Amino acid sequence: MSNSSSITHFLLLAFADTWELQLLHFWLFLGIYLAALLGNGLIITAVACDHRLHTPMYFFLLNLSLLDLGSISTTLPKSMANSLWDTKAICYAGCAAQVFLFVFLMSAELYLLTIMAYDRYVAVCKPLHYGTLLGSRACVHMAAAAWASGFLTALLHAANTFSLPLCQGNTVDQFFCEIPQILKLSCSDAYLREVGLLVLGVFVDFGCFVFIVLSYVQIFRAVLRIPSEQGQQKAFSTCLPHLAVVALFVCTAVFAYLKPPSMSSPSLDLVVAVLYSVVPPAVNPLIYSMRNKELKDALGKLA
């Protein structure tokens, strides 16, 4: 029997048992990672360099791209390195850093997506008040609040999780260090404290998701009043993918953190983790630039 003080490293979940499949996993994740780096990097560069994009919407989009870059860089490189070097190990400090950074960046991203939904709601439904409600100072304060809230959330969860005594081995059934998987290693009822914090956090996240959905409902109602059918189609084709990615992100994350142990299996946990940790950062650049002429023009100037 071991405890947390004697654990020097954790063993992450391997994607495959054979070297050939591990190499396939490496190249697949490398492709996704490079696409995420390229997409988010281009958005950050375009918004920073083009003065026409210095507006609240693009300011928030720049912050979203920074968070996406950080979150996917927290999980994929270590997993790729393990597959390439045929190992599963991650040091104790590295695992703690992964938990902190991942919760920090993902929490801040949800808060920022909530702010972005509010930004779109004001722009569409209350355009005359847009300059008053979303001035430059207000935007900076809201973005800072999202980052700070994510930081405090991560600090609370990481400190609470890694203060638990761990005596069920050091094998984490996930390709990165995830709180639910680490809680399985605890041998103390104190883990219920962290479960309670997770439940509370999920209620907060669900509240953000409800706010996002209600904001888009109001946007859709306003869009339906647009006389131009082409304008309606453009608005729906822009908003619906945003909402779909947010729903995928929130629903899979909530499922991963609150699912009962009886529903847990390595393959299911792996698929769910990929859906909420890898897919959103990789597809967000495409979703947010697909129907955006201003962003496309700015990216064209960079080429």
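If you look the chain up in an unreviewed UniProt entry, it shows as Olfactory receptor from Nyctibius bracteatus. Taken from UniProt, the Function (unreviewed entry) comment for the chain reads in full: "Odorant receptor." In its Subcellular location (unreviewed entry) section, the UniProt entry covering the chain states "Cell membrane".

Draft legend 1. Examining the packing of aromatic side chains more closely. On inspection of all chains with the given rule, the structure shows 14 aromatic pairs. Centroid distance Phe 59 to Phe 60: 5.7 Å. Interplanar angle 55°. Geometry classified as tilted. For Phe 60, a relative accessible area of 0% puts it in the buried group. Ring plane angle 65° and centroid distance 6.2 Å describe the contact between Tyr 257 and Tyr 276, whose orientation is recorded as edge-to-face. With Tyr 257 in helix 8 (residues 229–258) and Tyr 276 in helix 9 (residues 266–277), this pair connects stretches of sequence that are 19 residues apart. Through successive ring pairs, a cluster of aromatic residues spans Phe 29, Phe 102, Phe 175, Phe 176, Tyr 257 and Tyr 276.

Draft legend 2. Region of the structure containing the nonpolar core. Of all hydrophobic cores here, the largest spans 84 residues; its most connected members are Phe 10, Phe 60 and Tyr 276. Ranked by the residues each element gives to this core, the list is headed by helix 3 (residues 92–125), at 18 residues.

Draft legend 3. Representation of the layout of surface pockets. Volume-wise, the second largest pocket comes out at about 440 Å³. Lining the second largest pocket we find 22 residues, and of these Val 103, Ser 107, His 157, Gly 201 and Asp 205 sit closest to its centre. Per element, the largest residue contribution to the lining of the second largest pocket is seven residues, and it comes from helix 7 (residues 191–223). Here the lining of the second largest pocket is built from residues that sort into 17 nonpolar, four polar and one charged.

Draft legend 4. The packing of helix 2 (residues 56–85) against helix 3, seen in detail. Relative orientation of the contacting elements helix 2 and helix 3 amounts to 155°, with a least axis distance of 9 Å. Put simply, helix 2 runs roughly antiparallel to helix 3. Judged by the sense of rotation from one axis to the other, the crossing of helix 2 with helix 3 is left-handed. A breakdown of the residues in the contact of helix 2 with helix 3 according to their chemical character gives 15 nonpolar, six polar and five charged.

Draft legend 5. Empty space enclosed by the protein, seen in detail. Tallied over the full model, the rule gives one cavity of 30 Å³ or more. Approximately 100 Å³ is the volume found for the largest cavity. At the level of secondary structure, the elements contributing two or more residues to the lining of the largest cavity comprise helix 1 (19–49) and helix 2. Residue composition of the lining of the largest cavity, grouped by class: five nonpolar, six polar and one charged.

Draft legend 6. Structural detail: the state of the cysteines. Scanning the entire structure with this criterion turns up two disulfides. Put simply, Cys 95 and Cys 177 are joined by a disulfide, and their sulfur atoms are 2.0 Å apart. A torsion of -120° about the S-S bond marks the disulfide between Cys 95 and Cys 177 as left-handed. In this pair, Cys 95 is assigned in helix 3 and Cys 177 in the loop between helix 5 (136–161) and helix 6 (179–183), connecting sequence segments 82 residues apart. Exposure class is identical for Cys 95 and Cys 177. Each is buried. Each bonded cysteine of the chain is numbered by sequence order, and under that numbering the disulfide pairs are 1-3, 2-4. Cys 91 takes part in no disulfide bond, and the closest cysteine sulfur to it belongs to Cys 95, at a distance of 8.6 Å. Relative accessible area serves as the criterion here: at 43%, Cys 91 is assigned to the partly exposed category. Cysteine Cys 139 is unpaired, with the sulfur of Cys 125 as its nearest cysteine sulfur at 17 Å.

Reading guide: rules and limits
- Counting starts from 1 at the beginning of each chain's written sequence and moves along it residue by residue.
- The predicted origin of the model limits local features to residues at a pLDDT of at least 70 and limits the giving and counting of side-chain atom pairs to 80 or more, whereas totals for whole chains, interfaces and linings rest on all residues.
- For side-chain calculations, the full set of non-hydrogen atoms in the structure is used, while hydrogens and water are omitted.
- UniProt positions are given in the numbering used here, feature names are shortened, and annotations may be inferred rather than shown by experiment.
- Pairs were defined over the aromatic rings of Phe, Tyr and Trp, the Trp ring being its six-membered one, requiring ring centres within 6.5 Å. Orientation was assigned from the angle between planes: stacked under 30 degrees, edge-to-face over 60, tilted for the rest.
- Each residue's exposure class comes from its accessible area (1.4 Å probe, protein chains only) as a fraction of the maximum for that residue type: buried when under 20%, exposed when over 50%, partly exposed otherwise.
- Numbering of helices and strands starts at the N terminus; helices are DSSP runs of H or I of at least 4 residues and strands are runs of E of at least 2.
- Within this scheme, the nonpolar core is defined by two criteria: the residues are buried Ala, Val, Leu, Ile, Met, Phe, Trp, Tyr or Cys, and they are joined through side-chain atoms within 4.5 Å.
- Here a cavity denotes a set of grid points, spaced 1 Å apart and computed over the protein atoms alone, in which a 1.4 Å probe fits but from which it cannot get out, and a pocket denotes an open set meeting protein on both sides within 12 Å along at least five of seven lines; residues with an atom within 4 Å of a point are reported as lining.
- Grid points are joined across faces, edges and corners, and a volume is the space filled by probe spheres set on the points.
- When residues are sorted by character, Ala, Val, Leu, Ile, Met, Phe, Trp, Tyr, Cys and Pro go into the nonpolar class, Asp, Glu, Lys and Arg into the charged class, and all the rest, Gly among them, into the polar class.
- Orientation is described by lines fitted to C-alpha atoms, with helices fitted over the stretch in contact, and by angles between N-to-C directions that extend from 0 to 180 degrees.
- For this classification, under 35 degrees means roughly parallel, over 145 means roughly antiparallel, 65 to 115 means roughly perpendicular, and everything else is oblique.
- Rotating anticlockwise by less than a right angle from the far helix to the near helix defines a left-handed crossing, while the corresponding clockwise rotation defines a right-handed one.
- Cysteine sulfurs are considered disulfide-paired once they come within 2.5 Å of each other.

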